[in-house]
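Each chain, written out:
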Amino acid sequence: MSSVKRLISHCFSNQEHHGQEQVMRLMRSLIFLLSFQLLHVAKGSMVWLNKNGYEDLVVAINPQVPEDANIILNTMDMIKNASNYLFEMTKHRFFFKSVKIVIPKTWKKKSNYLRLKTESYDKADVIIADSYIKHADDPYTLQYGGCKEKGQYIHFTPNFILNDNLTEVYGEKGRVFVHEWAHYRWGVFDEYSSDMPFYVSRNSGEASVEATSCPPGVTGTPIFQDCNRDKCEPRRCRYDGQLYEKGCIFIPDIQQNISWSVMYSQYIPSVVEFCDKTTHNSEAPNMQNKMCNHKSTWEVIMESDDFCNSAVVNTSAPPSETTFMLLQTQDRAVALVLDVSGSMSMYNRIRHLRSAAGVFLLHIIEIGSWVGIVTFDSDASEKAPLQQITSEAARQKLVQCLPTIANGQTNICAGIHKGLKLIADKMYTTNGSEIVLLTDGEDPGMAACLDVVKQTGAKIHTIALGPLAAKELEEFSKLTGGLRLYSVDGVVPSKLIEAFSAITSGSGDFSEQSIQLESKELVVLHSEWMNTTVPVDKTVGNDTFFSIAWSLSQPFFFLRDPKGKEYGISDFTIDDSNPNTARLSISGTAEVGDWQFCIKNIHTATQVISVTAASRPAHSDIPPVSITAYMNRANRAFNPVVVYAEVSQGFVPVLGATVIATIEKDGAAAVTLELLDNGAGADTMKNDGIYSRYFTSLQGTGRYSLKVNAHGRNTTTRLRLKQNQAFYIPGYRENGKIYMNAPRRKFSDKAIQVNLGSFNRISTSSLVVNTEGDSSIYPPCKVTDLHARLENKTIVLSWTAPGGDFDNGKADHYIIKSSENLLDLRNNFDHATSVNCSNLIPKEAGREEFLKIKPENFITENDTIIYFAIRAVDDTSLISEVSNIAQATWFIPPKASVPLDYDDNNNGANSPVIVAIVAVCVVVVCTIVNLTLCVLQKQKRRLDIETMQKHV
């Protein structure tokens, strides 16, 4: 970015010589350059690579975490150690150069704590926070996307940071950090598998059971823990069909003849590298193979921008030590910088602005925040100086300053400068402040203040209103880490209210955050009723408000709470300057249950009516159910747009919700998608609380707005721990002796089920598309959940049906291939053996497919392994990528089981041979014993006969 700054400086210094117009042309070209350079940056992340060193890594501590200086010190030690490990594991290529630690406002102020600039908790690369489930301390990385796609953040609990005993089960903290950094930065996945810790392998030539590892051939022993309350007795695992019984775990040798990969286990001291092309275990049934098409982690890293823009450093240690900066969150300071140029008088924009900004000031911005208002047209003016929101009266005072008239031209830079001055006059600095910049027009001179904005330390959230807002507007948000929002024009203000409602504090303090419960807009015929149910669940209820807006004339309406109390029109407030909107604030904590909004259109013509509702958490120590919407270009074939929605309570995923996304663009019909958490299509992982879907109905270049509605109805919602976490080591073997760690705590279904009742959540986002798109060019999506199993000597293949356009619609037919060589099937799919599936008619996307294959088509002797893969074809002959590869095996392991010997010197995970030898020995011993008994019995009978004869 320094080259960009020099160019901007050069432009300003030569302005007198080259003229204003020429400078503006240069500025527009710089906008493209800035956009290009920022394409590779992860969502919200400001980390950048500077001569092999990562700069501006942000670690943020949650405000709910009690103050403890050791959290800061231990975090610094962890990252320092991680820097050395990363340098070694990446073959002297990467290290951590500078780190910023964001300390919450709830901690005491100290002289060495600096003020934040554009850093914030919600945009941090690493988060330190409680998981809100007791004893759940797994470090993990939240990953929405697939292979090579950057993660959202790395999560550590305070207990993990502070408790040195956890190194016994996770390994040294610096190694754990490197494991998670690879997830986060390079989009690689785990090389172990908790679901399939063992598999049938042919790596050694003959079929055998091996541990899921990378590289293959890791030595150790499989054991099963028989537990009775707190006491566990380990024994050797028994076989259950082809593999070990469920619950069998692998105990590795602490000393290995081969070097392990950090993405398999960060625990073992011999871990000094990533698996590469020569050491990769392509057979292992892990997420890395599934998501990255059986490529090694190092191959994926080598394809990253980081690798392409770096070179090996010829030193034995990182060229410099990691430096740290301590920053502390301050009171929120926000300037509303609002466009009041002539075009804002069109389509009721100025009226909708007043409604939406009014909702922001009355219900969204947190108590204790500082807010001021600036308007701009050809010039800018201050409408309200920066003032602290301490009461309802302070909020109402600010609302009265909102604009009502629009005229003049558009001068965005004037508005920004005035907003920054307004903040600086009161706070004496603009560091850590925010500007909410709304405009509907273009300004050819806006590029002139880009560099100024970057130097101020202020974050700019942009709201583009309508189809003609400046194309370069989002550059302000990209440079400063602000939100990029977009609202289409409407006849009621609900869409603009959704945009303003997204601008909540990024401090991580959920206790004061506004949560949007409902935003619904309907066309209602004359004399028709619009009845809307707004559920208020037990996690929210404070500062609850309801709003209704109409396009023509006031309808008849009333609101009924769950106990039957009714609120009529007279209970609502109607602003004289905005007569098309009515609001109602509920005092105290709103009743839990369904609130019924009953509305009748009494106007003589059809009109549009909208309902909006929001609330705050009911408890300061119980996180509310929340939803985060996100839309992004995926790093996959055809670069499709993917819609994501994360539904969670705190950091715990909420499963089983119904999640509906609505995507809009000016001049195009709205598109509705149901997002799924089924581990197929666009969804990376099943049951992780991240609901996903491909968006294939692009209508060319421009801005797209996204609204996601997540709801659950009177059900017990199941929560689940995060997946993709660092490997928990159950134990290890050293010099033939086994050392067991405490068993990983298992959570019963009851422990992770919460009766949330009915809930509803709204979240908004946007995306700017710079390339033309058309739904007809999309093939079916890649099948990622192909499975093969044996039933009565018949192979049964199962998978989730893809669509005709990625995961929408349905495919025309399938191509299924088989091979006895996994990599041949991956690399030479077309030349592999075809499987007859001509009678299989593809189902709608998302439904489960089955295919039974008769065994006579294959040689099914013992030790046979056959691999299967599938491609889907649409009705225009476009073909999907090759699916994940499924394995069917004919393998009959020995059935014997022997007691576990703690001094056993067995050096293999594949103990079938040893078990077989033991079994043979047991058989021989039993035979000898039986023969001996037979001989003794015969001798006894002879003696008995002789004795009887004597008596006779």
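**Quick notes on the overall build of the chain**
Logical step 1: Helix and strand content of the chain: 18 helices and 49 strands.
Logical step 2: Counting every position in the chain, which comprises 952 residues, the buried fraction comes to 56%.
Logical step 3: Taking the intrachain contacts of the chain between residues at least 6 apart in sequence as the baseline, contacts between residues at least 24 apart amount to 75%.
Logical step 4: Within the structure as shown, the chain displays about 40,500 Å² of accessible surface, and the carbon and sulfur contribution to it stands at 50%.

**Examining the sheet that holds strand β19 (residues 370-376)**
Logical step 1: Ordered by their spatial adjacency, six strands build an open sheet running β20-β19-β18-β21-β22-β23, and the pairing between neighbours is mixed. On the outer flanks of this sheet lie β20 (380-388) and β23 (484-487), each paired with one strand and no other. Across this sheet, the average inter-strand angle for adjacent strands is 15°, counted without regard to direction.
Logical step 2: Looking at chain direction, strand β22 (residues 459-465) and β23 are connected through four bridges and run parallel. Bridged to Thr-462 within β23 is Arg-484.
Logical step 3: In the packing of helix α11 (residues 349-364) onto the sheet, contacts are made with β18 (333-339), β19, β21 (434-439) and β22, and the angle to β18 comes to roughly 170°.

**Digging into the sheet that holds strand β17 (residues 323-328)**
Logical step 1: If you trace the seven strands from one edge of the open sheet to the other, you get β6-β17-β5-β3-β7-β9-β8, paired in mixed fashion. Where the open sheet ends on each side, the last strands, each with one partner, are β6 (114-115) and β8 (140-142).
Logical step 2: Judged from the three bridges that link them, strand β7 (residues 126-128) and strand β9 (residues 153-156) form a sheet pairing that is parallel. Considered in β9, the bridge of Ile-128 is made with Phe-156.
Logical step 3: Packing of helix α7 (residues 173-186) onto the sheet brings it into contact with β3 (57-61), β7, β8 and β9, and relative to β9 it is tilted by some 150°.

**Observations concerning the packing of helix α4 (residues 69-89) against α7**
Logical step 1: The N-to-C vectors of α4 and α7 enclose an angle of 65°; their axes lie 8 Å apart at closest approach. Considering their axes alone, α4 and α7 lie roughly perpendicular with respect to each other. In terms of crossing hand, the pair formed by α4 and α7 is right-handed. Facing Met-78, Ile-79, Asn-81, Ala-82, Tyr-85, Leu-86 and Met-89 of α4, the residues of α7 in contact are Lys-173, Gly-174, Arg-175, Phe-177, Val-178, Trp-181 and Trp-186.

**Quick word on the pairing of strand β40 (residues 731-734)**
Logical step 1: Bridging between β40 and strand β41 (residues 737-740) involves four bridges; their strand directions are antiparallel. If you follow Tyr-732 over to β41, its bridge partner there is Tyr-739.
Logical step 2: In textbook terms, the turn of a hairpin is the stretch between consecutive antiparallel strands, and for β40 and β41 this stretch comprises two residues, one of which, Asn-735, has a positive phi near 50°.

The rules behind each value
Residues numbered from 1 in each chain as written. Predicted model: local features only at pLDDT ≥ 70, side-chain atom pairs only at ≥ 80, totals over all residues. Heavy atoms only, no water. Helix = DSSP H or I, 4+ residues; strand = E, 2+ residues; numbered from the N terminus. Buried < 20%, exposed > 50% of the residue type's maximum accessible area, 1.4 Å probe, protein only. Contact = heavy atoms within 4.5 Å. Areas by Shrake-Rupley, 256 points an atom, 1.4 Å probe, with all protein chains shown as cover. Pairing = 2+ DSSP bridges. Axes fitted to C-alpha atoms, helices over the stretch in contact; angles between N-to-C directions. Parallel < 35°, antiparallel > 145°, perpendicular 65-115°, else oblique. Left-handed = near helix turned anticlockwise from the far one by under 90°.

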